[in-house]
Amino acid sequence: MVFILLVNSARAQPTGIEGRVYDAKGSALPFTSVFIKKAEKVALTDTLGRYRIMGMTPGQYKVGISRIGYKLQERSIELLAGQVLVLDFVMEEKVTELGAVEITAKTVSQELRETGYAVDVVEIKERKNLTSDINQVLKSTPSIHIRESGGLGSGFRLSLNGLSGNQVRYFIDGVPMENYGSALTLNNYPVNLIENIEIYKGVVPVSLGADALGGAINITTGYRRKPFLDVAYSFGSFNTHQASINGQHVNEKKGHFVKLSSFFNHSDNNYRMEDVPVFDLELGNRLGTIDTRRFHNEYTSGMIHLEAGVLDKKYADHWSFGLTTARNRKNYQHPDNTINRAFGQFHTKNETLLASTTYKKRLGNLDLKGYVVAGRVVESVVDSSSRKYNWAGDYIVRQANDPKGELFERKSLMELTDRVIRSNVGLDYEISNNHALGLHFTQNYLERNGEDQVNEFNRSFESPNSIHKNLLGLAYTFKTGDGKLEATAFSKQYWFYGEIITQDFQDNEVTTQPRFNSTGYGAALTWRIAAERFQLKSSFEQAFRIPESYEILGDGIYIQPNPSLRPETSYNANFGMRYTKHFQKIHLVSEANYFYRFSKDFILFNPLGPFGTYQNLDNVRTTGIESSLQVNYNDFVLFNANFTWQNLTDQSEFDEGLPNTNYESRIPNVPYLFGNARLGINPWTGPTGDRLAIYWNTRYVHEFFFTWENLGDAEGKSTIPQQLIHDLQMEYAFAKGKYNVSLSVNNITNAMAYDNFNIQKPGRAAYIKCRYFLN
């Protein structure tokens, strides 16, 4: 460890220490323990690696820093009256391999839970040599299930503790990802562009400024103070190519940095489909079923993000300006919720341009941070072909006077333009080592215009539609001096107003101006006992979730507008425990969590053929349990497993005054029992740091109903069948991780896999990835 000691004389300041903690790469190390033995004081570094311990008396002390996966260090200091010592640490990693990586991730999760929130942290270090996107990483996490409608770039719905879609919010470095466009969804981002994934279950801290019911996922890209370059390229089945470049130049003396992050994805997605229906193109009669490959399912996307800024200036600890541009093209083989129609030319395109600025500064005991993001997102829906296709690849050309497209009743080339502005300002004040206040305000504005360049009768979004959301959060945190007990109480104020213009049956404009103003509240508590090996935690929140733009306005493709859609209200509770134990060469971590959600005006997608609308269900109750186990043997073998059982039921006794036939029935198209297992082994490590690692992943999803479980004949109900999928991954790193190569085989048994709306997923697929990392 490199240790830098600066003495900062501050007459008006209390006596204490402060500073930052970094790793050898210059990246900040959040949630690292900084402790003073004699004073019995403990602090955790924040997301920028900063810590502060004040209110000390003059004398001699031993200051230590601790973080699993890094070497424990101590330093003797002498503290004078009225003196503030600035101690910056650079920690050295332990020489550990496969097992230590996973255990480190869980240890960070444990330390983050000390804030009182139910949260997991998934560190991506282990995954960077493998062919994975963010969704593939999240799939292996307890309580998370992702339903997809195909291969790379396909539509997906992420479920966290039973709540899904926009009931779970997504962030990148604390900035909401809402309305960023279809080229910047989670399944586009390769793992080489990120550092960690923070998963908040249920209660979400006010610092994120989220109107989330079921939790939040915050993707962090890392805060490094040194230059680096990470270049990766993978290729494999279905003509899939994925590339990424992530690099940074830093001038440490001047405190300037420039960072580039980019990716490119392409896949033909031409995997084999079994038993798809074939219809006569002239009369529409069903001719039977065939096995065939997808022939119109290509997906291409790309992004370039450039960021430049300053570090450690008097006026800012971090101030950066960024520019992001992204594009994609997605060919649709069929609608997202059915395979009964086949397309041959229908496609969508996206163009996104965003400008942003991020600011962070610590002023004594006050942390000030904020961001502003503004931009333009254009989504184009192209249904201008006169051809009519079936699954055999055959087509006919419609007559010249036939206005139909492949999907719509009239040919269409709809262009939707969103202008977005969102901002956040946050103040966190540390009253003392035991008390803190946080105040955060978030603003989110969207304006949507639309123009159909082919269908003159389509006037959707001809007049601007707008949605404006604001959220103000206030939080108070208390923790005991030994850090074993921590409690947070908070309140959130929600404001929402919009102007939505639709057309009635006589093509007249109808203006709806929804308004919403309400207050939510909650609390989180954690208690560590039994020499800190055993931890209890609980949290509660009354939360509100304001509908997203496409839920109210539609997406111009399959989702029809519903201006009368109401915000959701949910009462969320979590009760959990965590146990950690060392047995000589064995390290064990076990967790269990019970969750309860009662939602009013629950927002649910109701499909009507290939189309559909979002509607409100009066009352929905969610209960469930999740459990996980990790075992590490001597940094040689790692095993972890988890399972989730959840029960989402309709609790509305009446529907429009009549008895509800679905009362106490499970919500359809939502799995209720699933689990994951992962076995890793590090069979060989060379004298120069070369390493071979092998992983086996298994995922199980129990059969669940596609439609309401109590409707229809028990023998003839539509179900999504049970699935058991196995993946194999191998990686080899040499030259101390500078050069890396990996092989991944997904669905190695080529099992039939079905997912969202019973759509078949890809079979066996193999990928090779090469990665160059220079630090």
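Residues numbered from 1 in each chain as written. Predicted model: local features only at pLDDT ≥ 70, side-chain atom pairs only at ≥ 80, totals over all residues. Heavy atoms only, no water.

Regarding the overall build of the protein chain
For step 1, the next point in the chain: Along the protein chain, the regular secondary structure elements total three helices and 47 strands.
For step 2, the next point in the chain: Relative to the compact-globule value of 28 Å for 775 residues, the protein chain shows a C-alpha radius of gyration of 27 Å, a close match.
For step 3, the next point in the chain: With the C-alpha coordinates aligned to their principal axes, the bounding extent of the protein chain is approximately 90 × 60 × 50 Å.
For step 4, the next point in the chain: The 775 residues of the protein chain split such that 56% are buried.
For step 5, the next point in the chain: Across the protein chain, contacts joining residues at least 24 apart in sequence account for 66% of those joining residues at least 6 apart.
For step 6, the next point in the chain: Across the protein chain, the centroid of the 82 positively charged side chains sits 8 Å from that of the 83 negatively charged ones. (Helix = DSSP H or I, 4+ residues; strand = E, 2+ residues; numbered from the N terminus. Rg over C-alpha atoms; globule rule 2.2 N^0.38 Å. Buried < 20%, exposed > 50% of the residue type's maximum accessible area, 1.4 Å probe, protein only. Contact = heavy atoms within 4.5 Å. Lys, Arg positive; Asp, Glu negative; His and termini not counted. Charge placed at Lys NZ, Arg CZ, Asp CG, Glu CD.)

Here's the deal with the nonpolar core
For step 1, the next point in the chain: With 63 residues, the main nonpolar core has Leu138, Leu158, Tyr189, Ile197, Ile217 and Phe346 as its most contacted residues.
For step 2, the next point in the chain: What Phe346 contacts, discounting residues up to four positions off in sequence, is His296, Asn331, Tyr332, Val381, Val382, Asp383, Glu406, Leu407, Phe408, Ile557 and Tyr558. (Core = buried A, V, L, I, M, F, W, Y, C linked by side-chain atoms within 4.5 Å.)

Notes on the side chain of Glu126
For step 1, the next point in the chain: For Glu126, the location among the structural elements is in the loop between β9 (119–123) and α2 (134–138).
For step 2, the next point in the chain: Overall, Glu126 belongs to the buried group, its relative accessible area being 6%.
For step 3, the next point in the chain: Here the side chain of Glu126 touches Arg678 through a polar contact of 2.5 Å, side chain to side chain. (Polar contact = N/O pair within 3.5 Å; in protein donor to acceptor, adjacent residues only side chain to side chain.)

Some points on the domain arrangement of the protein chain
For step 1, the next point in the chain: As far as domains go, the protein chain holds domain 1 (2–91) and domain 2 (100–774).
For step 2, the next point in the chain: Placing a centre on the C-alpha atoms of domain 1 and another on those of domain 2 gives a separation of 37 Å. (Domains from an automatic or database assignment.)

Brief notes about the packing of aromatic side chains
For step 1, the next point in the chain: Within this structure, the stated rule accounts for 20 aromatic pairs.
For step 2, the next point in the chain: Ring plane angle 45° and centroid distance 6.2 Å describe the contact between Tyr521 and Phe540, whose orientation is recorded as tilted. Taken together, the residues span a long stretch of sequence, with Tyr521 in strand β33 (residues 515–529) and Phe540 in strand β34 (residues 534–545) at a distance of 19 residues.
For step 3, the next point in the chain: Between Phe534 and Tyr579, the aromatic rings sit 6.5 Å apart at their centres with planes inclined by 55°, giving tilted as the arrangement. Here Phe534, found in strand β34, pairs with Tyr579, found in strand β35 (residues 568–583); they are 45 residues apart in sequence, far enough to count as distant.
For step 4, the next point in the chain: Given a relative accessible area of 31%, Tyr579 falls into the partly exposed group.
For step 5, the next point in the chain: Taken together, the aromatic side chains of Trp684, Tyr732, Phe734, Tyr739 and Tyr772 make up a single cluster linked through ring pairs.
For step 6, the next point in the chain: Arg387 extends its terminal NZ or CZ atom over the ring of Tyr395, reaching a point 4.1 Å from the ring centre.
For step 7, the next point in the chain: In this structure, Arg666 packs its charged tip against the face of Tyr672, placed 3.9 Å from the ring centre. (Phe/Tyr/Trp six-rings, centres within 6.5 Å; stacked < 30°, edge-to-face > 60°. Lys NZ or Arg CZ within 6 Å of the ring centre and 35° of its normal.)

So, the environment of Phe605
For step 1, the next point in the chain: The topology assignment puts Phe605 in strand β36 (residues 586–608).
For step 2, the next point in the chain: Overall, the relative accessible area of 18% leaves Phe605 in the buried class.
For step 3, the next point in the chain: As for Phe605 and Leu44, which are separated by 561 residues in sequence, their C-alpha atoms are 42 Å apart.

Description of the sheet that holds strand β13 (residues 168–172)
For step 1, the next point in the chain: Strand order in the open sheet formed by five strands is β9-β15-β16-β13-β14, with mixed pairing between adjacent strands. Two strands lie at the open edges of the sheet, namely β9 and β14 (175–176), each paired on one side alone.
For step 2, the next point in the chain: Sheet topology places β13 next to β14; two bridges connect them, and they run antiparallel. Residue pairing for β14: Ile172 is matched across the bridge by Val175. (Pairing = 2+ DSSP bridges.)

Let's talk about the environment of Thr477
For step 1, the next point in the chain: You can see Thr477 is positioned in strand β30 (residues 465–479).
For step 2, the next point in the chain: Considering only alpha carbons, one finds Thr477 and Tyr594, 117 residues apart in sequence, at a separation of 24 Å.
For step 3, the next point in the chain: Excluding anything up to four places from it in sequence, Thr477 contacts Asn434, His435, Ala436, Glu486, Ala487 and Thr488.
For step 4, the next point in the chain: A polar side-chain atom of Thr477 sits 3.1 Å from a polar atom in the side chain of Thr488.

Some words on a nonpolar patch on the surface
For step 1, the next point in the chain: A cluster of nonpolar side chains, namely Val425, Leu427, Tyr429, Ile431, Leu437, Leu439, Phe441, Leu472, Leu474 and Tyr476, defines an oily patch on the protein surface of about 790 Å² accessible area.
For step 2, the next point in the chain: Judged by relative accessible area, which is 33%, Tyr476 ranks as partly exposed. (Patch = residues over 30% accessible without salt bridge, like charges linked within 9 Å, V, L, I, M, F, W, Y side chains within 5 Å. Areas by Shrake-Rupley, 256 points an atom, 1.4 Å probe, with all protein chains shown as cover. Salt bridge = Lys/Arg side-chain N within 4 Å of Asp/Glu carboxyl O.)

Structural notes on the pattern of salt bridges
For step 1, the next point in the chain: The tally for this structure, following the rule as stated, stands at 27 salt bridges.
For step 2, the next point in the chain: Measuring nitrogen to oxygen at the nearest pair gives 2.9 Å for the salt bridge that ties Lys201 to Glu626. Here Lys201, found in strand β15 (residues 196–201), pairs with Glu626, found in strand β37 (residues 611–633); they are 425 residues apart in sequence, far enough to count as distant.
For step 3, the next point in the chain: Judged by relative accessible area, which is 4%, Lys201 ranks as buried.

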